[in-house]
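# Coordinates in review
So the chains spell out like this:
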Amino acid sequence: MQAASQPRIKGFHAHVYYDAESFEQARQLCEEAARRFPLKMGRLHREPVGPHPDWSCQLAFRPELFGELVPWLALNRAGLNVLVHPITGSDLRDHRDYPLWMGEVRPLDLSDLRDGEIEYQL
């Protein structure tokens, strides 16, 4: 593949998945990540949101943080499932074609995601 045809990565989302039993563990992990790193922590959802099949919390971060944050999550997730995907401007491709998983791969509902341009604040 030619470099010119590859999308530009504008940032990343890490989605930490949990349930009622692991809610407190996930809260602590996400809050500690927000204390340690310059990222935006989303809400701790107590229901599936968007394409995510489980309760989740989103951590949004810039590309230059990837090399520090993702290894930290890998070492500190303590069994929680984490989806990391780039933000290229296409929600569909970002979730379907480019995901990285820590733990169990969970089935995403891609039916409402689009291939068109979308912007996120990082």
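First, a word on what this report is: a plain description of the structure on this page. Keep in mind it's a predicted model, so treat the numbers as computed, not measured.

Basis of the calculations
- Residues numbered from 1 in each chain as written.
- Predicted model: local features only at pLDDT ≥ 70, side-chain atom pairs only at ≥ 80, totals over all residues.
- Heavy atoms only, no water.
- Phe/Tyr/Trp six-rings, centres within 6.5 Å; stacked < 30°, edge-to-face > 60°.
- Helix = DSSP H or I, 4+ residues; strand = E, 2+ residues; numbered from the N terminus.
- Buried < 20%, exposed > 50% of the residue type's maximum accessible area, 1.4 Å probe, protein only.
- Salt bridge = Lys/Arg side-chain N within 4 Å of Asp/Glu carboxyl O.

### Some remarks on the packing of aromatic side chains
- For the structure on display, the rule yields six aromatic pairs.
- For the pair phenylalanine 12 and phenylalanine 61, a centre-to-centre distance of 5.6 Å together with 20° between the ring planes defines the contact as stacked. Highlighted residues: phenylalanine 12 in strand S1 (residues 11-18) and phenylalanine 61 in strand S3 (residues 55-61), separated in sequence by 49 residues. Here the two residues phenylalanine 12 and phenylalanine 61 agree in accessibility, since each one is buried.

### What about the pattern of salt bridges?
- Taken as a whole and assessed by the stated rule, the structure comprises eight salt bridges.
- Here glutamate 31 ties to arginine 27 by a salt bridge, and the two come within 2.5 Å at their closest N and O atoms. Of this pair, glutamate 31 and arginine 27 both sit in helix H1 (residues 23-36), four residues apart, roughly one helical turn.
- Residue classification places glutamate 31 among the partly exposed residues on the basis of a relative accessible area of 27%.
- You can call arginine 27 partly exposed: its relative accessible area is 23%.
- A salt bridge links aspartate 54 to arginine 106, with the shortest nitrogen-to-oxygen separation between them at 2.7 Å. Of the two residues, aspartate 54 sits in the loop between strand S2 (40-41) and S3 while arginine 106 sits in the segment after strand S5 (100-102), which places them 52 residues apart along the sequence.
- Given the relative accessible area of 18%, aspartate 54 is considered buried.
- The partly exposed category is assigned to arginine 106, whose relative accessible area is 21%.
- Because the salt bridges share partners, they merge into one network encompassing Glu24, Arg27 and Glu31.

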